[in-house]
Every structure is written in structure tokens, then in C-alpha cells.
Amino acid sequence: MKAEHICLTFLFTLFGFGSFAQQTGINTKNPKGALHVDAKKNNTATGTPTGTQPDDDFIIDANGNVGIGVLLPSVKLHLKSATSPAITIVDGTQGAGKVLSSDANGVGTWIMPPSSKTAKLGDFPTSPFVYPIPDGTGIPVYSLLSITLPPGEWAVNLGLVFDNLGSNTFWQNAYLSSALSGAVVQTNFTHSGPAGANTSYAGVLAGSVAFIPNAVTDRKGFITGRAIITVTGNLPNNTIYLMLENQAVGAYRFNPLAPENYFYAFPLN
């Protein structure tokens, strides 16, 4: 009889441990999930905690759902808080007015919503300045215009007036660049159009034979266009420079302050 009693005691103890092992409670003897933490030790010893008792609880249920402040999480992470704010996410891209957005893989990042962005005007030089003119080297000419944009997608609109100083008619390009000297580069933004890094604004500058009267002040050409870009720089404000295609010496003169010029950007997201 003694051996049988010992055996039964062992079995009951084993079954008891197995039953308790299905639910683990920390600071509570009344766990309601696979893992239940009662931070303030304020839950009832029996029954279901009520009122504000679950506010400080953390639980993982049998389905792997996690609840914070709630005992019956209905999704993988269910958060309930009696105070505001309930959550803080700091990854270096956070900022006033930003919202959390997801990419196609569900990776979240902070972005500035379009409704909180405003159009950005380009920066024009103040007098006096030297007119940008080509020198025949093939290196893009800095127009003296730039624009500063925060990260996001932008439609950059441009219209420029040129004085054609010679008799030749030619196709003139203008480019957005991350550098104000040397080759055109895109390090803090990318173009979204089919031409990619080769995207440009363009127009025809007609030579003297097309104008009557034929004075330098009469030989006007206009280039215009819109480029869709995504500003990828990590800075709150990223400067982008407007560069002009170089031509033969004396081919054109560009007046950055001509009244017809415009340079601005609208936010797209």
C-alpha cells in the first residue's frame, strides 16, 4: 500500500505540474494566457480582472497574440492604454507632423503627409551677380538657382528665359543636380521618369535669323518642364541645384532674375 500511495502521489503531482505549465503567471496566481504578467500585482485571485486591473498587464495567449493593457488580444499586437500617448517609436526619422507609413513589405517609416506639406519656391540670387554663360568646356553651368526640399516625392516645375547671343538655333537642356559644380549627379534625390538620371528640362533657343528686329534683347528662348523626383536625403532640408547645358562660347546668356522665370515644387506624398 505504501508503494501504491507514493506512486499515486507522484502521478497527481506530475499532472498538476503539467496543468500549471500551460499557463505561467508573473505577479499573479490567476494567469489568463500562456504568459501573463501583472506588473502592479493588483489582479483578483480568482475570476477575470476587471476595471483598471488589466491596464498594467502583459499577456501572450494560446494563439501567440500579444496584449498590453488588454487580456483578450484579437491581433498579433493589441495595445490598450488609459493614458496618451500610448506608444513612442524613435528611429531617427521621426518629426513633428509626420505619420507612420509602410512599404510593400510592411516596413514602417515616418513620412510627412502631403496635406501638411506646402509648395516650395526655388532660391534666386540677389543682385549683383555675373550672368551664367557657356564656356564651351562641356561642364554644366550653374544657373545660380537652387531649391531646398525635405524628403518625399515632389513635382519640380521650371520655366527659364535665355538670350540667344548668336545666329545658331540649338536645343538647350537644364538639369537638377546634387552638386553645383562638375558633372550632374543625384545623391540626395532620384528621378522617377523613364529617363532616370538623364531626365532634363529642354527647349529650343532660336538663332538671329528667326528674329526681326535682330538684337540680343529680342532673341529670346524659353525652356520649360516638370520633373518628378524623390528626395532621399536624410537631412530635413536637401539642396538641389539647377544646372544648364554648356554650349559654345557666347551661345547664350541666362538672366536668373528675368521676370518670366519660375522654379518651384509641389509635394506629391
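How each quantity is defined
As a convention, each chain's residues are numbered from 1 in the sequence order in which they are written. Owing to the predicted nature of the model, reporting of local features is limited to residues with pLDDT of at least 70; listing and counting of side-chain atom pairs is limited to 80 or more, with chain, interface and lining totals taken over all residues. Hydrogens and waters are ignored; side-chain quantities use all the structure's heavy atoms. Numbered from the N terminus, helices here are DSSP runs of H or I no shorter than four residues, and strands are runs of E no shorter than two. Three exposure classes are used, based on accessible area relative to the maximum for each residue type with a 1.4 Å probe and protein chains only: buried under 20%, partly exposed in between, and exposed over 50%. Note on contacts: a residue pair is in contact if any heavy atoms of the two residues lie within 4.5 Å. The protein chains shown are the only cover counted for residues, whose accessible areas, like all others here, come from Shrake-Rupley with a 1.4 Å probe. Each salt bridge in this description consists of a side-chain nitrogen of Lys or Arg and a carboxyl oxygen of Asp or Glu lying within 4 Å of one another. The definitions used throughout rest on a 1 Å grid laid over the protein atoms alone, on which a cavity is an enclosed set of points accommodating a 1.4 Å probe that cannot get out and a pocket is an open set flanked by protein within 12 Å on both sides along at least five of seven lines; lining residues are those having an atom within 4 Å of a point. Grid points are joined across faces, edges and corners, and a volume is the space filled by probe spheres set on the points. By the convention adopted, Pro, Cys, Tyr, Trp, Phe, Met, Ile, Leu, Val and Ala count as nonpolar, Lys, Arg, Asp and Glu as charged, and the other residues, Gly among them, as polar. As a per-residue quantity, pLDDT reports the predictor's confidence and falls between 0 and 100. Each Phe, Tyr or Trp ring (for Trp, its six-membered ring) is paired with any other whose centre lies within 6.5 Å, and the angle between the two planes then decides the class: stacked below 30 degrees, edge-to-face above 60, tilted in between. We call a charge positioned above a ring when the Lys NZ or Arg CZ atom is no farther than 6 Å from the ring centre and deviates by at most 35 degrees from the ring normal. Polar contacts here mean pairs of N or O atoms no more than 3.5 Å apart (in protein, one a potential hydrogen donor and the other a potential acceptor; neighbouring residues in sequence count only if both atoms are side-chain atoms). In this text, buried Ala, Val, Leu, Ile, Met, Phe, Trp, Tyr and Cys residues form a nonpolar core when linked through side-chain atoms within 4.5 Å. Two strands are counted as paired when DSSP detects at least two bridges linking them. Axis angles are defined between N-to-C directions and span 0 to 180 degrees, where every axis is a line fitted to C-alpha atoms and, for a helix, only to the segment in contact.

### Focus: the overall build of the chain
Phase 1 of the analysis: Scanning the chain for helices and strands turns up 1 helix and 17 strands.
Phase 2 of the analysis: Counting all 269 residues of the chain, 33% fall into the buried class.
Phase 3 of the analysis: Taking contacts inside the chain between residues at least 6 apart in sequence as the whole, the part at least 24 apart equals 64%.
Phase 4 of the analysis: Element-wise, carbon and sulfur atoms account for 61% of the exposed surface of the chain, whose accessible area totals about 15,700 Å².

### A closer look at the pattern of salt bridges
Phase 1 of the analysis: The full count for this structure, using the stated rule, is 1 salt bridge.
Phase 2 of the analysis: One salt bridge in this structure joins Asp 163 and Arg 253, with 2.9 Å as the shortest N-O distance. Of the two residues, Asp 163 sits in strand S10 (residues 152-164) while Arg 253 sits in strand S16 (residues 252-254), which places them 90 residues apart along the sequence.
Phase 3 of the analysis: Classification of Asp 163 by relative accessible area gives buried; the value is 5%.
Phase 4 of the analysis: By relative accessible area, which is 27% here, Arg 253 ends up partly exposed.

### Regarding the layout of surface pockets
Any empty space left between atoms is shown by rolling a water-sized probe over those atoms.
Phase 1 of the analysis: In this structure, the largest pocket encloses a volume near 610 Å³.
Phase 2 of the analysis: Taken together, 25 residues make up the lining of the largest pocket; nearest its centre are Lys 98, Trp 110, Ile 111, Met 112 and Pro 151.
Phase 3 of the analysis: Every element with two or more residues in the lining of the largest pocket is listed here: strand S7 (108-111) and strand S14 (220-231).
Phase 4 of the analysis: Tallied by class, residues from the lining of the largest pocket come to 9 nonpolar, 13 polar and 3 charged.

### Details of the confidence of the model for the chain
Phase 1 of the analysis: Per-residue pLDDT for the chain has a mean of 86; in total, 86% of the residues score no lower than 70.
Phase 2 of the analysis: Here residues 6-20 is modelled with pLDDT under 50, and outside its nearest four sequence neighbours on either side it reaches 0 contacts, counting other chains as well.

### Regarding the environment of Val 130
Phase 1 of the analysis: Among the secondary structure elements, Val 130 is positioned in the loop between strand S8 (120-121) and strand S9 (141-149).
Phase 2 of the analysis: When the C-alpha positions of Val 130 and Leu 144 are compared, they lie 9.3 Å apart, and in sequence the two are 14 residues distant.

### A closer look at the packing of aromatic side chains
Phase 1 of the analysis: Counted by the stated rule, this structure contains 6 aromatic pairs.
Phase 2 of the analysis: Measuring from centroid to centroid gives 5.5 Å for Tyr 264 and Phe 266, while their planes differ by 85°, and the two rings are edge-to-face.
Phase 3 of the analysis: Through a chain of ring-to-ring contacts, three or more aromatic side chains come together here, namely Phe 162, Tyr 252 and Phe 254.
Phase 4 of the analysis: Here Arg 253 stacks its cationic end above the ring of Tyr 131, 5.0 Å away from the centre of that ring.

### Describing the side chain of Gln 53
Phase 1 of the analysis: For Gln 53, the position within the fold is in the loop between strand S2 (35-38) and strand S3 (57-60).
Phase 2 of the analysis: Within the local environment of Gln 53, its side chain forms a polar contact with the backbone oxygen of Asn 42, the two atoms lying 3.4 Å apart.
Phase 3 of the analysis: Apart from the residues lying within four places of it in its own chain, the contact partners of Gln 53 are Asn 42, Asn 43 and Thr 44.

### Re the nonpolar core
It is characteristic of soluble globular proteins that their nonpolar side chains tend to be buried jointly.
Phase 1 of the analysis: With 27 residues, the main nonpolar core has Leu 149, Val 156, Leu 160, Leu 176 and Ile 229 as its most contacted residues.
Phase 2 of the analysis: Elements represented by at least two residues in this core include exactly S9, S10, strand S11 (170-177), strand S13 (201-205), S14, strand S15 (238-244), S16 and strand S17 (262-267).
Phase 3 of the analysis: Tallying contributions element by element places S10 first for this core, with 5 residues.
Phase 4 of the analysis: Leu 149 has contacts with Lys 120, Trp 154, Val 156, Ile 229, Val 231, Pro 236, Asn 237, Asn 238, Ile 240 and Ala 265, leaving out every residue within four places of it along the chain.

### A word on the sheet that holds S3
Phase 1 of the analysis: With respect to topology, 5 strands assemble into an open sheet ordered S1-S2-S3-S4-S5, the strand pairing being mixed. Edge positions in the sheet fall to strand S1 (24-26) and strand S5 (77-79), since each of these pairs with one other strand and no more. The average undirected angle you get between the axes of adjacent strands in this sheet is 10°.
Phase 2 of the analysis: Relative to S2, S1 runs parallel, the two sharing 3 bridges.

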